[in-house]
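Examination of the molecular architecture
For reference, the chains in residue letters:
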Amino acid sequence: MTANNFIYKQQIIGSRRFSNYFWAIAVSIGGIGFLLAGLSSYLHTNLLIVSDTSELQFIPQGIALTFYGVAGTLLASYLWLMIILNVGSGYNEFDKKKGKVTIYRQGFLGKNRKIELVYDIDDIQAIRAEIKEGLNPKRALYLRVKPKRDIPLTSVGEPMPLSQLENQGAELARFLTVPLEGL
(Lines give C-alpha, C1' and ligand atoms only; values in the text may rest on other atoms or scores of the structure.)
Protein backbone atom coordinates (compact mmCIF):
# COMPACT_ATOMS: atom_id res chain seq x y z
CA MET A 1 0.00 0.00 0.00
CA THR A 2 1.54 3.30 -1.07
CA ALA A 3 0.10 6.70 -0.34
CA ASN A 4 1.05 10.33 -0.70
CA ASN A 5 -1.04 13.50 -0.81
CA PHE A 6 -2.40 12.87 -4.31
CA ILE A 7 -2.13 9.14 -5.08
CA TYR A 8 -3.21 6.18 -2.94
CA LYS A 9 -2.39 2.72 -4.32
CA GLN A 10 -3.20 -0.72 -2.89
CA GLN A 11 -1.67 -3.93 -4.27
CA ILE A 12 -3.99 -6.96 -4.41
CA ILE A 13 -2.63 -10.48 -3.98
CA GLY A 14 -4.06 -12.95 -6.47
CA SER A 15 -3.77 -16.71 -6.73
CA ARG A 16 -0.13 -16.89 -5.68
CA ARG A 17 -0.70 -17.56 -2.01
CA PHE A 18 0.50 -20.38 0.23
CA SER A 19 -2.85 -22.17 0.48
CA ASN A 20 -3.18 -22.41 -3.33
CA TYR A 21 0.34 -23.81 -3.67
CA PHE A 22 -0.41 -26.35 -0.93
CA TRP A 23 -3.63 -27.56 -2.59
CA ALA A 24 -2.08 -27.64 -6.07
CA ILE A 25 0.79 -29.84 -4.82
CA ALA A 26 -1.54 -32.13 -2.81
CA VAL A 27 -3.99 -32.60 -5.69
CA SER A 28 -1.13 -33.16 -8.17
CA ILE A 29 0.39 -35.92 -6.03
CA GLY A 30 -2.99 -37.56 -5.45
CA GLY A 31 -4.12 -37.32 -9.08
CA ILE A 32 -0.87 -38.69 -10.49
CA GLY A 33 -0.86 -41.46 -7.86
CA PHE A 34 -4.39 -42.59 -8.72
CA LEU A 35 -3.64 -42.39 -12.45
CA LEU A 36 -0.48 -44.51 -12.09
CA ALA A 37 -2.35 -47.02 -9.90
CA GLY A 38 -5.07 -47.40 -12.54
CA LEU A 39 -2.56 -47.75 -15.34
CA SER A 40 -0.60 -50.30 -13.29
CA SER A 41 -3.69 -52.49 -13.02
CA TYR A 42 -4.27 -52.21 -16.78
CA LEU A 43 -0.67 -52.91 -17.81
CA HIS A 44 -0.03 -55.49 -15.03
CA THR A 45 3.22 -53.65 -14.37
CA ASN A 46 3.97 -51.77 -11.17
CA LEU A 47 4.37 -48.03 -11.90
CA LEU A 48 4.23 -46.90 -8.26
CA ILE A 49 7.07 -46.77 -5.75
CA VAL A 50 5.01 -47.03 -2.56
CA SER A 51 2.75 -49.99 -3.35
CA ASP A 52 2.07 -52.66 -5.94
CA THR A 53 -1.27 -52.17 -7.71
CA SER A 54 -0.46 -54.32 -10.73
CA GLU A 55 -2.44 -57.24 -9.21
CA LEU A 56 -5.73 -55.29 -9.06
CA GLN A 57 -8.40 -56.18 -11.59
CA PHE A 58 -8.75 -53.46 -14.18
CA ILE A 59 -12.53 -53.78 -14.18
CA PRO A 60 -13.90 -52.28 -11.86
CA GLN A 61 -11.03 -51.15 -9.55
CA GLY A 62 -8.58 -50.04 -12.23
CA ILE A 63 -11.16 -48.05 -14.16
CA ALA A 64 -12.26 -46.24 -10.99
CA LEU A 65 -8.64 -45.44 -10.07
CA THR A 66 -7.94 -44.20 -13.61
CA PHE A 67 -11.07 -42.02 -13.58
CA TYR A 68 -10.10 -40.44 -10.23
CA GLY A 69 -6.55 -39.99 -11.49
CA VAL A 70 -7.67 -38.19 -14.64
CA ALA A 71 -10.08 -36.00 -12.63
CA GLY A 72 -7.38 -35.17 -10.07
CA THR A 73 -4.82 -34.38 -12.76
CA LEU A 74 -7.26 -32.07 -14.57
CA LEU A 75 -8.08 -30.29 -11.29
CA ALA A 76 -4.38 -29.92 -10.52
CA SER A 77 -3.78 -28.48 -14.01
CA TYR A 78 -6.49 -25.91 -13.39
CA LEU A 79 -4.99 -24.94 -10.02
CA TRP A 80 -1.50 -24.60 -11.50
CA LEU A 81 -2.86 -22.51 -14.38
CA MET A 82 -4.52 -20.16 -11.89
CA ILE A 83 -1.23 -19.82 -10.01
CA ILE A 84 0.81 -19.24 -13.20
CA LEU A 85 -1.64 -16.61 -14.50
CA ASN A 86 -1.96 -15.09 -10.98
CA VAL A 87 -5.71 -14.68 -11.40
CA GLY A 88 -7.20 -11.98 -9.18
CA SER A 89 -4.01 -9.98 -8.71
CA GLY A 90 -3.92 -6.29 -9.44
CA TYR A 91 -4.20 -2.93 -7.77
CA ASN A 92 -6.57 -0.18 -6.68
CA GLU A 93 -5.32 3.30 -7.53
CA PHE A 94 -6.95 6.51 -6.33
CA ASP A 95 -5.44 9.54 -8.10
CA LYS A 96 -6.62 12.98 -6.94
CA LYS A 97 -4.49 14.81 -9.54
CA LYS A 98 -6.25 13.10 -12.45
CA GLY A 99 -9.53 12.76 -10.55
CA LYS A 100 -9.70 9.06 -11.41
CA VAL A 101 -10.07 5.75 -9.60
CA THR A 102 -8.59 2.70 -11.34
CA ILE A 103 -9.46 -0.85 -10.30
CA TYR A 104 -7.24 -3.34 -12.17
CA ARG A 105 -7.33 -7.15 -11.96
CA GLN A 106 -5.77 -10.07 -13.87
CA GLY A 107 -8.23 -12.65 -15.19
CA PHE A 108 -8.12 -15.89 -17.17
CA LEU A 109 -6.81 -16.15 -20.71
CA GLY A 110 -8.87 -14.54 -23.44
CA LYS A 111 -10.13 -11.13 -24.40
CA ASN A 112 -10.97 -10.28 -20.77
CA ARG A 113 -7.51 -11.16 -19.41
CA LYS A 114 -7.00 -7.65 -18.08
CA ILE A 115 -9.94 -6.11 -16.28
CA GLU A 116 -9.67 -2.37 -15.74
CA LEU A 117 -12.44 -0.23 -14.31
CA VAL A 118 -11.97 3.55 -14.29
CA TYR A 119 -14.29 5.94 -12.44
CA ASP A 120 -14.26 9.65 -11.63
CA ILE A 121 -13.50 10.44 -8.00
CA ASP A 122 -16.61 12.66 -7.99
CA ASP A 123 -18.78 9.56 -8.64
CA ILE A 124 -17.67 7.87 -5.40
CA GLN A 125 -20.39 7.92 -2.75
CA ALA A 126 -18.83 5.87 0.05
CA ILE A 127 -16.54 3.06 1.15
CA ARG A 128 -18.63 0.14 2.40
CA ALA A 129 -17.36 -2.53 4.76
CA GLU A 130 -19.09 -5.90 4.77
CA ILE A 131 -18.52 -8.12 7.78
CA LYS A 132 -20.16 -11.54 8.01
CA GLU A 133 -19.08 -13.91 10.75
CA GLY A 134 -19.87 -17.60 11.13
CA LEU A 135 -18.79 -20.79 9.41
CA ASN A 136 -17.78 -18.98 6.22
CA PRO A 137 -16.67 -15.51 7.38
CA LYS A 138 -16.47 -12.63 4.94
CA ARG A 139 -14.70 -9.35 5.52
CA ALA A 140 -14.44 -7.08 2.51
CA LEU A 141 -14.31 -3.45 1.46
CA TYR A 142 -16.40 -2.15 -1.43
CA LEU A 143 -16.29 1.09 -3.38
CA ARG A 144 -19.80 2.50 -3.80
CA VAL A 145 -20.12 4.62 -6.96
CA LYS A 146 -23.05 6.81 -8.09
CA PRO A 147 -25.35 4.34 -9.82
CA LYS A 148 -25.37 2.31 -6.54
CA ARG A 149 -22.77 -0.18 -7.77
CA ASP A 150 -20.48 -1.83 -5.24
CA ILE A 151 -17.03 -2.71 -6.58
CA PRO A 152 -14.91 -5.03 -4.39
CA LEU A 153 -11.58 -3.57 -3.27
CA THR A 154 -10.18 -6.46 -1.23
CA SER A 155 -8.81 -9.75 -2.51
CA VAL A 156 -10.78 -12.97 -2.43
CA GLY A 157 -9.60 -15.73 -0.13
CA GLU A 158 -8.69 -15.69 3.50
CA PRO A 159 -10.63 -13.01 5.38
CA MET A 160 -8.42 -10.18 6.65
CA PRO A 161 -8.33 -9.35 10.36
CA LEU A 162 -11.08 -6.98 11.50
CA SER A 163 -8.61 -4.34 12.73
CA GLN A 164 -6.84 -4.30 9.35
CA LEU A 165 -10.18 -3.99 7.53
CA GLU A 166 -11.23 -1.07 9.75
CA ASN A 167 -7.87 0.70 9.35
CA GLN A 168 -7.81 0.23 5.57
CA GLY A 169 -11.41 1.39 5.19
CA ALA A 170 -10.95 4.42 7.44
CA GLU A 171 -7.70 5.43 5.73
CA LEU A 172 -9.25 5.15 2.28
CA ALA A 173 -12.43 7.01 3.30
CA ARG A 174 -10.31 9.78 4.84
CA PHE A 175 -8.18 10.03 1.68
CA LEU A 176 -11.26 10.26 -0.58
CA THR A 177 -13.26 12.37 1.93
CA VAL A 178 -16.28 10.06 1.70
CA PRO A 179 -18.19 8.29 4.49
CA LEU A 180 -17.32 4.76 5.68
CA GLU A 181 -20.45 2.58 5.86
CA GLY A 182 -21.04 -0.73 7.58
CA LEU A 183 -18.88 -0.33 10.70
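Now for a quick tour of the structure.

Conventions and cut-offs
- Residues numbered from 1 in each chain as written.
- Predicted model: local features only at pLDDT ≥ 70, side-chain atom pairs only at ≥ 80, totals over all residues.
- Heavy atoms only, no water.
- Pairing = 2+ DSSP bridges.
- Helix = DSSP H or I, 4+ residues; strand = E, 2+ residues; numbered from the N terminus.
- Contact = heavy atoms within 4.5 Å.
- Axes fitted to C-alpha atoms, helices over the stretch in contact; angles between N-to-C directions.
- Buried < 20%, exposed > 50% of the residue type's maximum accessible area, 1.4 Å probe, protein only.
- Polar contact = N/O pair within 3.5 Å; in protein donor to acceptor, adjacent residues only side chain to side chain.
- 1 Å grid on protein atoms, 1.4 Å probe; cavity = no way out; pocket = protein on both sides within 12 Å on 5 of 7 lines; lining within 4 Å.
- Points joined across faces, edges and corners; volume = space filled by probe spheres on them.
- Nonpolar A, V, L, I, M, F, W, Y, C, P; charged D, E, K, R; others polar.
- Patch = residues over 30% accessible without salt bridge, like charges linked within 9 Å, V, L, I, M, F, W, Y side chains within 5 Å.
- Areas by Shrake-Rupley, 256 points an atom, 1.4 Å probe, with all protein chains shown as cover.
- Salt bridge = Lys/Arg side-chain N within 4 Å of Asp/Glu carboxyl O.

The subject of this paragraph is the sheet that holds strand S8 (residues 149–152). A sheet is described by the order of its strands in space; here four strands give the open sequence S8-S7-S6-S9, paired in mixed fashion. The open sheet has two edge strands with one neighbour each: S8 and strand S9 (180–181). As paired strands, strand S6 (residues 124–132) and S9 are joined by two bridges and run parallel to one another. For Arg128, the partnering residue across the bridge sits in S9 and is Glu181. Contacting S6, strand S7 (138–145) and S9, helix H3 (residues 162–176) runs over the sheet at an angle of about 175 degrees to S6.

With that settled, consider the side chain of Ser89. Take Ser89: it is sitting in the loop between helix H2 (58–85) and strand S3 (90–95). What makes Ser89 buried here is its relative accessible area of 9%. Only 2.9 Å separates the side chain of Ser89 from the backbone oxygen of Asn86, close enough to count as a polar contact. Beyond its immediate stretch of four places on either side in the chain, Ser89 contacts Ile12, Ile13, Gly14, Tyr104, Arg105 and Gln106.

Looking at the largest pocket, its volume works out to about 580 Å³. Around the largest pocket, the lining is made up of 24 residues, and of these Thr154, Ser155, Val156, Glu158 and Met160 lie nearest the centre. Among the elements of the structure, strand S2 (7–12), S7 and H3 are those that each provide at least two residues to the lining of the largest pocket. Ranked by residues supplied to the lining of the largest pocket, first place goes to S7 with five residues. Among the residues making up the lining of the largest pocket, the classes are represented as 12 nonpolar, eight polar and four charged. There is about 260 Å³ of room inside the second largest pocket. Along the walls of the second largest pocket sit 16 residues, with Gly88, Arg105, Thr154, Ser155 and Val156 positioned nearest its centre. If you list the elements that add at least two residues to the lining of the second largest pocket, you get strand S4 (100–106) and S8.

With that settled, the discussion passes to a nonpolar patch on the surface. A cluster of nonpolar side chains, namely Leu39, Tyr42, Leu43 and Leu47, defines an oily patch on the protein surface of about 370 Å² accessible area. Summarising the element assignment, Leu39 is placed in helix H1 (residues 18–43).

No statement about biological role is implied by the geometric values presented.
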